[in-house]
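# Examination of the molecular architecture
Here are the chains, one letter per residue:
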Amino acid sequence: MKQRNFRSLAIVAGLALAASSAYAQVKIAYIDPLSGPFANVGEAGLKGFKEAAEILVNQKGGIKGQKLEFVGFDNKGSPQESQIQLKAAIDQGFRYITQGNGSGAAHALIDAVNKWNARNPDKTVLFFNYAAVDPTLTNEKCSFWHFRFDANSEMKMEAITNFLEGDKKMKKVFIIGQDYAHGHQVAKYAKEMLAKKRKDVKVVGDDLHPIGRVKDFAPYIAKIKASGADTVITGNWGNDLSLLVKAAKDAKLNTRFITYYAGGLGTPQAMGASGEGKVLQLTEWHMNVPTKDTEKFALDFNKKYPGVWFYYLRINNMVQMVAKAMNEAKSLDPKEVALALEDMRFKVDTGEVWMRKSDHQAMQPLYISIFAKAGGKNVKYDSEGTGYGWKTLATISQRDSQLPTACIMERP
Amino acid sequence: MEFVVISLLNGITYGLLLFMLSSGLTLIFSMMGILNFAHASFYMLGAYFAYQISTLVGFWPGLLVAPLLVGAVGALVERYGLRRAHRFGHVAELLFTFGLAFVVEEVVHLIWGKVAVDYKIPDELDGTLFTLFDTAFPMYRGFMMLVSVGMLVALYALLTRTRIGLIIQAALTKPDMVEALGHNVPRIFMLVFGGGTALAGLAGVIGGNAFITEPGMAAAVGSIVFVIVVVGGLGSLGGAFIASLLIGCIQTFSVGLSISITDVFALIGVELLEGSQVARLTITQLAPVLPYLLMVAILIFRPRGLMGAREN
C-alpha cells in the first residue's frame, strides 16, 4: 500500500515537473511492457533509464542545459500495441523512442519508424534499441533510424560457442526457447555454430514454448531429463527464465544452463543455491566486473529501489552516448543526432563501446560468468540477496565480439 | 519409463488443480444455469488474498481465510449483482459475469499493481517429498494433490451425505418443488455460488505460489476451465474430474512428445508431402492447442460431454 501511495505521489510530482518545464526537456518514449507477463522486466528497465538520465546526464549539466526525460508507454509486449504506442508518442511530440523487450515488437517499431520517416522527413523519429537482439535488425532489416546497444544474438552465441569449444565435459545439449523471432534465432545459431565447432556434441532436444504463457515448466524439465542432456542452452528472459530454472530446481535437474539473461530480473532469486556452479550467462557487465563508477551506481540504485536490482549497464551506456551525440550535434534533430551517434567511440567502465557505422550495432566487451558462492575476491557481491553471485569465467574483448554484417543501409 | 511416471505425476497434479477450479464452475452451472465467466477471476482473488494474508500472518491462516473471503465476495456478488441480473434473463447474467471479470482484473491492478507479487511457498513445504529415478518430486506438489483430493472427498460427502447436500441436489433439478417444501431456494443459490467461488479461491491459494501470482493469471486459466466443463459435460462433477485429469495429462505429455504431424500420419499409413511448415510441427508445439481441439471434437461428436446429463 505504502509503495502505491509513493508511486502515485511520484506520478503527480512528475506531472507537475513536466508541466513546469515542458519546453526545456528532451523526452524519449520508452515503449515496453508495463503490464502483462513481462511487466516486471519493463518496470525495471524504465527505472534504469530514469535513474541513468538523472545521475549520468541531468546532474552533469543535461543536454545543452535541458533535462533528459524518459516516459513510459505500455506496449503490453505486443508488436501491434507497440505501433499504437509509437503513434501516441509521435502525436505527443516525441522524436526519440527506445524499446528492448521482444524482437517482435522491435521489428514492428523499425517498420513503423521507417515508414513514418519516409513520409515525414521534417518530423523524423529515432529508435534506440537497448535489448532486442534479433540479428536481422542490424543485418537484412537494418535501418539508419535504428541503433542497437546490446550485442545481438549471433554475437552472443558466437562468444558462447567459442567458450564451449574447449569444454570437453559437454556431450549432449538441449535447446529450449520462446516461440518467436528471438527463440528461433537462438536455436538456429546454437545448432549451426555447435555443428561447426563441436562436431562431437549431440543436440538431443530443440523445443520452443509459447512466450509468456507457460506457468508450469515441470513437463519441459521432465523432457530435458529424459533426453539425457548435460547442458541446456536458452535465450529465455523474464518469468519464462525464472519459472524454467525454478522448475529445474524443484525436480533437482542436474544439468548446466547456459543463458543470455540469468543475471537479473528475478532469476537469481528463483535459482537460489541450486544454481551454484551450474548456471552461466553472457552479459556486457555483472556486479563483479571491476569498475570505477558503475559499482557505486548499482549499489545506490539497489538501495533506492528495493526489490529491483540494477541489471542493465547498457542502459547507462546508451543514455550517455545519446546525450553525448545530442550535445555534439548541437541539434535535437534526430537525423543530426543519428549522424553524431554513428561511429562514436565511447569510453565506459568496462572499456570502449563503438557504434559501428555500417549497421548501427554497438560493439562492446562481453563477459561469460557463472553463478558462484559470494565472498572472496572474485565474487565480491551476491546477486539479488541470494548469497550467490556471478564469477567471470571469460572476457571477450570488443574486437573479438565483432561479426561481419549483411546490412546495406539506406541513408537519408 | 521415468519420463512416463514423472509426467503422469505432473499431469495429475495439474489436473487436480484444474479440477478445483472447474468443480465450482460446473456446480454453479448445474444449480443455477449460470456460465460464470468471472470464475477464474475468483481464482486470482484467492491467490492475491492469500498473498496479502501471508505477508501479515503467514501462509497457513491464508489457506483457510482466503477461500472464505473469496466465498464471501462471491456470495455478495450473487446476492446484489447476479440476482438482479437474473430477472433480465440468461444473456444479462452472462454479460454481467463477463464484465465482472474485467472489473476484478482492474481492481487487482489498482491494489497490487501490474507486476507479479512475491507470493512464496512456505518454507515447511519447500523441499523434496520423494525421489523417483533420481528426479525429485517437490513436496509442494504433493501438498497440492492432498488439498485437491481432500476437497474432492469433502465435496462429495457434502453433496451426498448431508441434509444440505440433499437439498442442493434437489434444487438442482426441481427448484420449484424444493421451494414449495419451504426451503429458501435463493439463499441456497447464494450459498452454492459462494461455495463455488470459494473453491476457485482455494485453487488460487495453492496455485498462486506454485506458479505465479500476477494480474494475467485469471486470463491464463479462464479458457482452459471452460474447456474442462464442456468436455466433462456441463453440470457434471464426475465429468469435470475426469476431464481435468485428462487435460492435465494431455498438456503434460504433449510437451514431451517430439514427433511431428508427418510422423503421426505415417503411423496410420498416410505419407505427407515433404517441406510443408504445418507438417513439420511437432506435438510439443501443438501442446497449447490440443485441449481446444479436444473441446471442438467433443462438441461435434458428443455435445453433452463425457458425462453430461443434458443435451443443451
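Residues numbered from 1 in each chain as written. Chains lettered and ligands numbered in written order. Predicted model: local features only at pLDDT ≥ 70, side-chain atom pairs only at ≥ 80, totals over all residues.

Each helix and strand counted, chain A has 13 helices and 15 strands in total. In terms of overall size, chain A behaves like a compact globule, its C-alpha atoms giving a radius of gyration of 21 Å where 412 residues would be expected to give roughly 22 Å. Each principal axis of the C-alpha distribution contributes one length, and for chain A these read about 60 × 50 × 40 Å. Here chain A holds 412 residues, and 52% of them are scored as buried. Pairs at least 24 residues apart make up 70% of the contacts formed inside chain A by residues separated by at least 6 positions. (Helix = DSSP H or I, 4+ residues; strand = E, 2+ residues; numbered from the N terminus. Rg over C-alpha atoms; globule rule 2.2 N^0.38 Å. Buried ≥ 20, exposed ≤ 12 C-beta atoms within 10 Å, placed from the backbone. Contact = placed C-beta atoms within 7 Å.)

Residue and element names in this part refer to chain A. Here helix 6 (residues 181-197) contains 17 residues, and its C-alpha end-to-end distance of 24 Å stays within 8% of the 24 Å for a straight helix at 1.5 Å per residue. Those residues of helix 6 that fall on the buried side of the exposure criterion are Ala-181, His-182, Gly-183, Gln-185, Val-186, Ala-187, Tyr-189, Ala-190 and Leu-194. Check the buried side of helix 6 and you find it contacts helix 4 (103-119), helix 5 (153-164), strand 6 (172-178), strand 7 (202-209) and strand 8 (231-234). (Expected span 1.5 Å × (residues − 1).)

What follows is about the sheet that holds strand 9 (residues 256-259) of chain A. All names here are of chain A. Spatial ordering of the open sheet is given by 7-6-8-9-10-14-15, a layout of seven strands whose pairing is mixed. Whereas interior strands pair on both sides, the edge strands pair on one side only; in this sheet they are strand 7 and strand 15 (388-396). Recorded for the sheet is a direction-independent mean angle of 20° between the axes of neighbouring strands. As paired elements, strand 6 and strand 7 share seven bridges and run parallel to each other. Looking at the pairing, Gln-178 lines up with His-209 of strand 7. Strands in contact with helix 5 are strand 9, strand 10 (279-283), strand 14 (366-373) and strand 15; relative to strand 14, the strand with the most contacts, it is inclined by about 60°. With respect to the sheet, helix 6 is in contact with strand 6, strand 7 and strand 8, its orientation differing from that of strand 6 by roughly 160°. (Pairing = 2+ DSSP bridges. Axes fitted to C-alpha atoms, helices over the stretch in contact; angles between N-to-C directions.)

This part takes up the domain arrangement of chain A. Residues and elements named next belong to chain A. Once the domains are mapped, chain A shows domain 1 (2-151 + 292-363) and domain 2 (154-283 + 366-401). If you look at the interface, domain 1 gives 19 residues, while domain 2 gives 19 residues. Residue composition of the side of domain 1 that touches domain 2, by class: eleven nonpolar, six polar and two charged. (Domains from an automatic or database assignment. Nonpolar A, V, L, I, M, F, W, Y, C, P; charged D, E, K, R; others polar.)

Here we take up the pairing of strand 2 (residues 67-74) of chain A. All names here are of chain A. Bridge count for strand 1 (residues 25-32) against strand 2 is eight bridges, and the pairing is parallel. For Ile-31, the partnering residue across the bridge sits in strand 2 and is Phe-73. Once you follow strand 1 into helix 2 (residues 39-57) and on to strand 2, the crossover reads as right-handed. (Right-handed = clockwise from strand over helix to strand, strands pointing away.)

Let us look at the packing of helix 9 (residues 217-232) of chain B against helix 10 (residues 237-256) of chain B. All names here are of chain B. Two elements in contact, helix 9 and helix 10, have axes whose closest approach is 8 Å; the angle formed by their N-to-C orientations is 125°. Between helix 9 and helix 10, the interaxial angle falls into the category oblique. Judged by the sense of rotation from one axis to the other, the crossing of helix 9 with helix 10 is right-handed. Across the interface between the two elements, Ile-224, Val-227, Ile-228, Val-229, Val-231 and Gly-232 from helix 9 touch Gly-239, Ala-240, Ile-242, Ala-243, Ser-244 and Ile-247 from helix 10. Classifying every residue of the contact of helix 9 with helix 10 by side-chain character gives nine nonpolar, three polar and no charged. (Parallel < 35°, antiparallel > 145°, perpendicular 65-115°, else oblique. Left-handed = near helix turned anticlockwise from the far one by under 90°.)

Time to look at the sheet that holds strand 12 (residues 351-355) of chain A. Residue and element names in this part refer to chain A. Across the sheet, three strands lie side by side as 11-12-13; this open sheet has antiparallel pairing. Each having just a single partner strand, strand 11 (345-348) and strand 13 (362-363) make up the two edges of the open sheet. As paired elements, strand 12 and strand 13 share two bridges and run antiparallel to each other. Across the sheet, residue Trp-354 finds its bridge partner in strand 13, namely Met-363.

Before going further, it helps to examine the interface of chain A and chain B. With 26 residues of chain A at the interface, the matching set in chain B holds 25 residues. Elements supplying a minimum of two residues to the side of chain A that touches chain B: helix 2, strand 7, helix 7 (218-227) and helix 8 (239-250) of chain A. Element by element, the count of residues in the side of chain A that touches chain B is highest for helix 7 of chain A, at seven residues. Split by residue class, the side of chain A that touches chain B holds twelve nonpolar, four polar and ten charged.

This brings us to helix 12 (residues 334-341) of chain A. Residues and elements named next belong to chain A. Taken together, the buried positions of helix 12 are occupied by Pro-334, Val-337, Ala-338 and Leu-341. Along helix 12, the residues classed as buried sweep out an arc of 100° about the axis, all on the same side. Of the surrounding elements, those touching the buried residues of helix 12 are strand 3 (96-99), strand 4 (126-129), strand 5 (146-148), helix 11 (313-329) and strand 12. Looking one or two places after helix 12, you find Asp-343, whose phi comes out positive at around 70°. (Arc of directions from axis to C-beta.)

This paragraph deals with the confidence of the model for chain B. Put simply, chain B has an average pLDDT of 85, and 96% of its residues get 70 or more. The ipTM for the predicted assembly is 0.81, set against a pTM of 0.83. (pLDDT = per-residue confidence, 0-100.)

For the rest of this paragraph, the subject is the packing of helix 2 (residues 39-56) of chain B against helix 3 (residues 59-86) of chain B. Residue and element names in this part refer to chain B. Where helix 2 meets helix 3, the axes come as close as 8 Å, and the angle between the chain directions of the two elements is 140°. The pairing of helix 2 with helix 3 is recorded here as oblique in orientation. Crossing angle aside, the handedness with which helix 2 passes helix 3 is right-handed. On helix 3, the residues that touch Phe-42, Leu-45, Gly-46, Phe-49, Ala-50, Ile-53 and Ser-54 of helix 2 are Phe-59, Pro-61, Gly-62, Val-65, Ala-66, Pro-67, Leu-69, Val-70, Val-73 and Gly-74. In terms of residue class, the contact of helix 2 with helix 3 is built from 13 nonpolar, four polar and no charged.

Residue and element names in this part refer to chain A. You will see that Lys-76, though not glycine, has its phi angle at about 55°, which is positive. By secondary structure assignment, the location of Lys-76 is in the loop between strand 2 and helix 3 (79-91). In this structure Lys-76 comes out as buried when scored by C-beta crowding, with 21 C-beta atoms within 10 Å. Positioned with a positive phi, Lys-330 is a non-glycine residue whose angle comes to about 50°. Mapping Lys-330 onto the fold places it in the loop between helix 11 and helix 12. On the basis of neighbour counts, which here come to 10 C-beta atoms within 10 Å, the residue Lys-330 falls in the exposed class.

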